[in-house]
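# Analysis of the macromolecular model
The primary structure of each chain is shown beneath.
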Amino acid sequence: MEHLIQKYLNTRKLTEEICAPLKQEDYVAQPIVDVSPPKWHLGHTTWFFENFILVNHFKGYQPYDLQLNYCFNSYYESQGPRVLRTNRGNLTRPTTEEVYSYRKYVDQQMVAFLSTNELNTAVQELFDVGINHEQQHQELLMTDLKYILGNNPLFPAYLPFGKIPEAPDSTPKSKLLTIEEGVYEIGYEGDDFCFDNERGTHKVYLHNYGIQDRLVTNGEYWAFLEAGGYTQFQWWQSEGWEWLKQTGTQAPLYCFKENGKWMQYTLFGVQEIKEHLPVTHISYYEAEAYARWRGMRLPTEAEWEVACRTFEAEKPASANFTENKSGMPLAATNGAFQFWGDAWEWTGSAYLPYPNYQQPEGALGEYNGKFMVNQMVLRGGSCATPVTHIRNTYRNFFHADKQWQFTGIRLAKSL
């Protein structure tokens, strides 16, 4: 079981490394409902292992503090009452120090459990979900703390001693990768871990299409912005146009004009927009409007997956994930298609169940299935995604107005 212990400890260590640059006050802030305080992430991921594995499967286990179930349950109706999502920032207690003590206690107990127990199929599944669940929260930690710091009037840097990645003087000219019409298979097939929403393999018919060989850059997107794209209704879906009017959005999140120059908050602090880097923190509404302005469209999730399988089936060594510690999407380089990492890519597909999808029974059935409404699918991972977490079948999903994740654009076109 040593490999499971090491996998567990490495995952838990990365979460705490992400939090290492934070100050005490950063751990509690919750500026909007979509953002959870870093302290809550630390507690919730710990609660997951305690609640689903230790309490039910480790004989003689003594919970650290039963009150924490109320504090750190997220959305599991089957697991009892919980603090409302909007009130997570009110949790000044337990203190950050106490939450770290909670993590230490559960980690010790998990190591003891893994050292003395052979995992049956059901517990192995819980363990795998727990690892991947924590990896999801590692990405959420990165994006949430960016929102916390990026909405502080001082714009403090998360990585004050880091080096901002250099942007190239040019970006390879975008080309269309072409896929011939035909019947293709998508969805996960195999014995390794995947989420239930990726199963199972099924056939799709695709017409001839082309898909961009890299992500849309800041420079390309700013052409839309400077051409008045945010003031011209004809590019926007009705719901997107109403969102634009209600929010007053004039640019991607974290971008603002200062002394005539467009600036952007990054994890390294405020810097001038670099036109050759991928545009990020884009809502689906913005991505769809930009695609329409360009006379193109967003790919469906099936088109995206088939293109990834065809042109970049395996993660390239150069792919930009959490472990790179870049803190931002990087520019495309010759020979890399950016299907992996850098920025989550909006697709034109609603988040719906695959054919023959069956929601698992019990608490894990609340993980994905109940969210299959009013959300759009994103593919590919981002610079905040752990490298072992992502697959070309991975289906991320957000509501159309969300900007706080590292979300970007890849265009497609029917041929």
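Let us look at the structure shown here. (Residues numbered from 1 in each chain as written. Predicted model: local features only at pLDDT ≥ 70, side-chain atom pairs only at ≥ 80, totals over all residues. Heavy atoms only, no water.)

Of regular secondary structure, the chain possesses nine helices and 12 strands. Considering only C-alpha atoms, the chain reaches an extent of 65 × 55 × 40 Å along its principal axes. Burial status across the chain gives 56% buried among its 415 residues. When the accessible surface of the chain is totalled, it reaches about 18,600 Å², and 51% of it is carbon and sulfur. Measuring between centres, the 36 positive side-chain charges of the chain sit 3 Å from its 49 negative side-chain charges. (Helix = DSSP H or I, 4+ residues; strand = E, 2+ residues; numbered from the N terminus. Buried < 20%, exposed > 50% of the residue type's maximum accessible area, 1.4 Å probe, protein only. Areas by Shrake-Rupley, 256 points an atom, 1.4 Å probe, with all protein chains shown as cover. Lys, Arg positive; Asp, Glu negative; His and termini not counted. Charge placed at Lys NZ, Arg CZ, Asp CG, Glu CD.)

In this section: the environment of Cys 308. Among the secondary structure elements, Cys 308 is positioned in helix 9 (residues 301–311). A residue is classified by how much of its surface remains accessible, and Cys 308, at 0% relative accessible area, is buried. Each C-alpha atom, one on Cys 308 and one on Gln 338, is 9.4 Å from the other, the two residues being 30 residues apart in sequence. Contacts of Cys 308, omitting those with residues within four sequence positions, involve Ala 313, Phe 339, Trp 340 and Asn 392. (Contact = heavy atoms within 4.5 Å.)

So, about helix 6 (residues 218–226). Of all the residues in helix 6, the buried ones are Asn 218, Tyr 221, Trp 222, Phe 224 and Leu 225. Burial along helix 6 is one-sided: seen end-on, the buried residues are contained in an arc of 150°. Of the surrounding secondary structure, the elements contacted by the buried residues of helix 6 are strand 5 (255–258), strand 6 (261–266) and helix 8 (284–293). (Arc of directions from axis to C-beta.)

It is worth spelling out the pattern of salt bridges at this point. This model, assessed by the stated rule, comprises 19 salt bridges. For Glu 305, the salt bridge is made with Arg 379, and the minimal N-O distance between the two is 2.9 Å. Remark: Arg 379 occurs in strand 9 (residues 376–379) and Glu 305 occurs in helix 9; sequence separation between them is 74 residues. As far as burial versus exposure is concerned, Glu 305 and Arg 379 are alike and both buried. Salt bridges sharing common partners tie together Arg 12, Glu 16, Arg 103, Asp 107 and Glu 134. (Salt bridge = Lys/Arg side-chain N within 4 Å of Asp/Glu carboxyl O.)

Turning to helix 9, a few remarks are in order. Taking burial as the measure, the 11 residues of helix 9 include eight buried ones, the bulk of the element. Buried within helix 9 we find Glu 301, Ala 302, Glu 303, Trp 304, Glu 305, Val 306, Ala 307 and Cys 308.

Next up on the list: the packing of aromatic side chains. Per the counting criterion, the structure on display carries 40 aromatic pairs. Between the aromatic rings of Tyr 61 and Tyr 105, the centroid separation amounts to 6.0 Å while the plane-to-plane angle is 45°, which identifies the pairing as tilted. Of this pair, Tyr 61 sits in the loop between helix 2 (38–57) and helix 3 (68–72) while Tyr 105 sits in helix 4 (residues 96–116), placing them 44 residues apart in sequence. A relative accessible area of 9% places Tyr 61 in the buried class. (Phe/Tyr/Trp six-rings, centres within 6.5 Å; stacked < 30°, edge-to-face > 60°.)

Position of Lys 370 among the secondary structure elements: in the loop between strand 8 (344–350) and strand 9. According to the relative accessible area criterion, Lys 370 is partly exposed, its value standing at 34%. Sequence separation between Lys 370 and Gln 359 is 11 residues; the distance between their C-alpha atoms is 8.5 Å. When sequence neighbours within four positions are dropped, the list of residues in contact with Lys 370 reads Tyr 75, Glu 77 and Gln 359.

Counting through the fold element by element, Thr 11 comes out in helix 1 (residues 2–19). Contact partners of Thr 11, with chain neighbours within four places excluded, come to Ile 131, Glu 134, Gln 135 and Gln 138.

Moving on to the sheet that holds strand 4 (residues 209–212). Pairing is antiparallel across the open sheet formed by three strands, whose spatial order is 1-4-12. Bordering the open sheet on either side are strand 1 (176–179) and strand 12 (412–414), each of which pairs with just one other strand. On average, each strand axis in the sheet is inclined to that of its neighbour by 25°, with strand direction left out of account. By the bridge criterion, four bridges tie strand 1 to strand 4 in an arrangement that is antiparallel. From the neighbouring strand, Ile 179 faces strand 4, where its bridge partner is Tyr 209. (Pairing = 2+ DSSP bridges. Axes fitted to C-alpha atoms, helices over the stretch in contact; angles between N-to-C directions.)

This brings us to the side chain of Gln 403. Residue position: Gln 403 is located in the loop between strand 10 (396–398) and strand 11 (407–408). Those residues within four positions of Gln 403 in sequence are excluded, and the remaining contacts are Trp 243, Thr 249, Ala 251, Pro 252, Leu 253, His 281, Ile 282, Ser 283 and Glu 286.

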